[in-house]
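Chain and residue survey
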Amino acid sequence: SFHKSKGQHILKNPLLVDSIVQKSGIKSTDTILEIGPGTGNLTKKLLEAGKMVIAVEVDPRMVLELQRRFQGTPLSNRLKVIQGDVLKTELPYFDICVANIPYQISSPLTFKLLNHQPSFRCAIIMFQREFAMRLVAQPGDKLYCRLTVNTQLLARVSHLLKVGKNNFRPPPKVDSSVVRIEPRKPRIEVKQKEWDGFLRICFNRKNKTLGSIFRQKSVITLLEKNYKTVQALKLTGQGLMEDNHDEIDFSRLGNSNEDLSMDVDDDGADEEMEVEDGDVEGEASEFKDKVLAVLKEGDFEEKRSSKLTLQEFLYLLSLFNKAGIHFS
Ligand code: SAM
């Protein structure tokens, strides 16, 4: 009776459930957000560990089963079930999130949580193994990608537990991992559209040198257009680039194809791009020299996105912006 489309794989190993709860570091005063409680195996132990569990479940049959399970027990008045799609639900206040989620919502859910205010202490979430490894990847790792950098901008992420398929009923096709996500406090402030536009270009071909990426005709054309717009607005005194430190647009980041599709092999994608755009360099131009001068200033010309740290990305973007070069 399980719905494949809803990613209903129930945790059946009680030792594993214990281990997840134990590693979560739940305090007896905590309000816990659980996403996708299913039949409530994890919910029960969360109720025993914390003060209150708010569980968001999309499947009405599961909601009923959950309520039936705790009805008449002392745990029931500390459980609040919200029926609905977590991505469309306004989240209440919570101290900690613990969840075994359907994997198809991994990326949008991660950014929804990280965008939630006031921010929580930490989230302990079961992900598909490869997605988990992308979140915790370090510069130089094969899985280091735009998702990694966007997540680590907002949070410290660590790998807690490897979980094999057979801990679930029915077993999913892929292995899993439990990850700990701790929002950065204070946040690193970036201009959301700038940051997003910048990273998209940098990771367009992450194994190429930045020198070759920023020589591409398409990139130079785009940046020059932005540059001219900014200059024109400056002349008319409009000051487009007010320092609106707005938040990252998580819905947009989260729904991008790159982040959601776990089958895409980054390297393969890179090669495809090369055929299309090649290393075609735009003609020599003053503007291009300006862009390359920024790369030289920070000693980035020979570096590759696959090996840049978060701090280096932030620094390079600041150098571009200082030179009046913008990505949005
Ligand atoms: N937590 C349970 C466990 O560990 O045994 C069940 C986990 S199962 C992988 C995922 C659960 O999330 C299912 O109960 C499913 O109905 C629910 N679900 C799927 N999509 C959802 C969504 N968009 N919002 C809330 N719950 C969702």
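Residues numbered from 1 in each chain as written. Predicted model: local features only at pLDDT ≥ 70, side-chain atom pairs only at ≥ 80, totals over all residues. Heavy atoms only, no water.

What about the site of the ligand?
- Residues in close proximity to the ligand total 20 residues, the closest being Gln8, Leu11, Gly36, Glu57 and Asn100.
- At a separation of 3.4 Å, a nitrogen atom of the ligand approaches a polar backbone atom of Pro37.
- In the model, a nitrogen atom of the ligand is placed 2.9 Å from a nitrogen or oxygen of the Asp85 side chain.
- Out of a free accessible area of 600 Å², the ligand has 97% covered by protein chains.
- When residues of the shell around the ligand are traced back to their parent elements, those giving at least two are strand 1 (10–11) and strand 3 (52–57). (Near = heavy atom within 4 Å. Polar contact = N/O pair within 3.5 Å; in protein donor to acceptor, adjacent residues only side chain to side chain. Areas by Shrake-Rupley, 256 points an atom, 1.4 Å probe, with all protein chains shown as cover. Helix = DSSP H or I, 4+ residues; strand = E, 2+ residues; numbered from the N terminus.)

Remarks on the sheet that holds strand 3
- Strand order across the open sheet formed by seven strands is 4-3-2-5-6-9-7, with mixed pairing between neighbours. If you trace the sheet from one side to the other, it starts and ends with strand 4 (79–83) and strand 7 (155–163), each paired once. This sheet shows a mean twist of 20° between the axes of neighbouring strands, independent of strand direction.
- Note: strand 5 (residues 96–100) against strand 6 (residues 122–128), five bridges, orientation parallel. Paired with Cys97 across the two strands is Ala123, which belongs to strand 6. (Pairing = 2+ DSSP bridges. Axes fitted to C-alpha atoms, helices over the stretch in contact; angles between N-to-C directions.)

Let's talk about the packing of aromatic side chains
- Per the counting criterion, the structure on display carries 13 aromatic pairs.
- Relative to Phe198, the ring of Trp195 lies with its centre 6.3 Å away and its plane at 50°, an arrangement referred to as tilted. Taken as a pair, Trp195 and Phe198 lie in helix 7 (residues 192–202) at a separation of three residues, close to a single helical turn.
- On the basis of relative accessible area, Trp195 is assigned to the buried category, the value being 0%.
- In this structure Phe198 comes out as buried when scored by relative accessible area, which is 0%.
- Ring pairs connect the aromatic residues Tyr144, Trp195, Phe198, Phe203, Phe214, Phe313, Phe320 and Phe327, which therefore count as one cluster.
- In this structure, Lys303 packs its charged tip against the face of Phe300, placed 5.5 Å from the ring centre. (Phe/Tyr/Trp six-rings, centres within 6.5 Å; stacked < 30°, edge-to-face > 60°. Buried < 20%, exposed > 50% of the residue type's maximum accessible area, 1.4 Å probe, protein only. Lys NZ or Arg CZ within 6 Å of the ring centre and 35° of its normal.)

A short note on the pairing of strand 4
- As paired strands, strand 3 and strand 4 are joined by five bridges and run parallel to one another. Along strand 4, the bridge assignment pairs Val56 with Ile82.
- Following the chain from strand 3 across helix 3 (residues 60–70) to the adjacent parallel strand 4, one finds a crossover that is right-handed. (Right-handed = clockwise from strand over helix to strand, strands pointing away.)

Quick notes on helix 2 (residues 41–49)
- Of the residues making up helix 2, those classed as buried are Leu42, Thr43, Leu46 and Leu47. Around the axis of helix 2, the buried residues are gathered within 135° of arc, so they sit on the same side.
- Among the structural elements, helix 1 (14–24), strand 2 (31–35), strand 3, helix 3, strand 4 and strand 5 are those in contact with the buried residues of helix 2. (Arc of directions from axis to C-beta. Contact = heavy atoms within 4.5 Å.)

So, the nonpolar core
- Counting 90 residues, the largest nonpolar core has Leu113, Trp195, Phe198, Phe214, Phe313 and Phe320 as its most contacted members.
- Setting aside chain neighbours within four positions, we find Phe320 in contact with Phe198, Phe214, Val291, Val294, Leu295, Ile325 and Phe327. (Core = buried A, V, L, I, M, F, W, Y, C linked by side-chain atoms within 4.5 Å.)

Description of the environment of Phe300
- With respect to the helices and strands, Phe300 occurs in the loop between helix 13 (286–297) and helix 14 (310–322).
- Judged by relative accessible area, Phe300 falls into the buried class, the value being 2%.
- In the structure, Phe300 is positioned 70 residues away from Val230 in sequence and 24 Å away in space, judged by C-alpha atoms.
- Apart from residues no more than four positions distant in its own chain, Phe300 is found in contact with Leu210, Leu295, Leu308, Glu312, Tyr315, Leu316 and Leu319.

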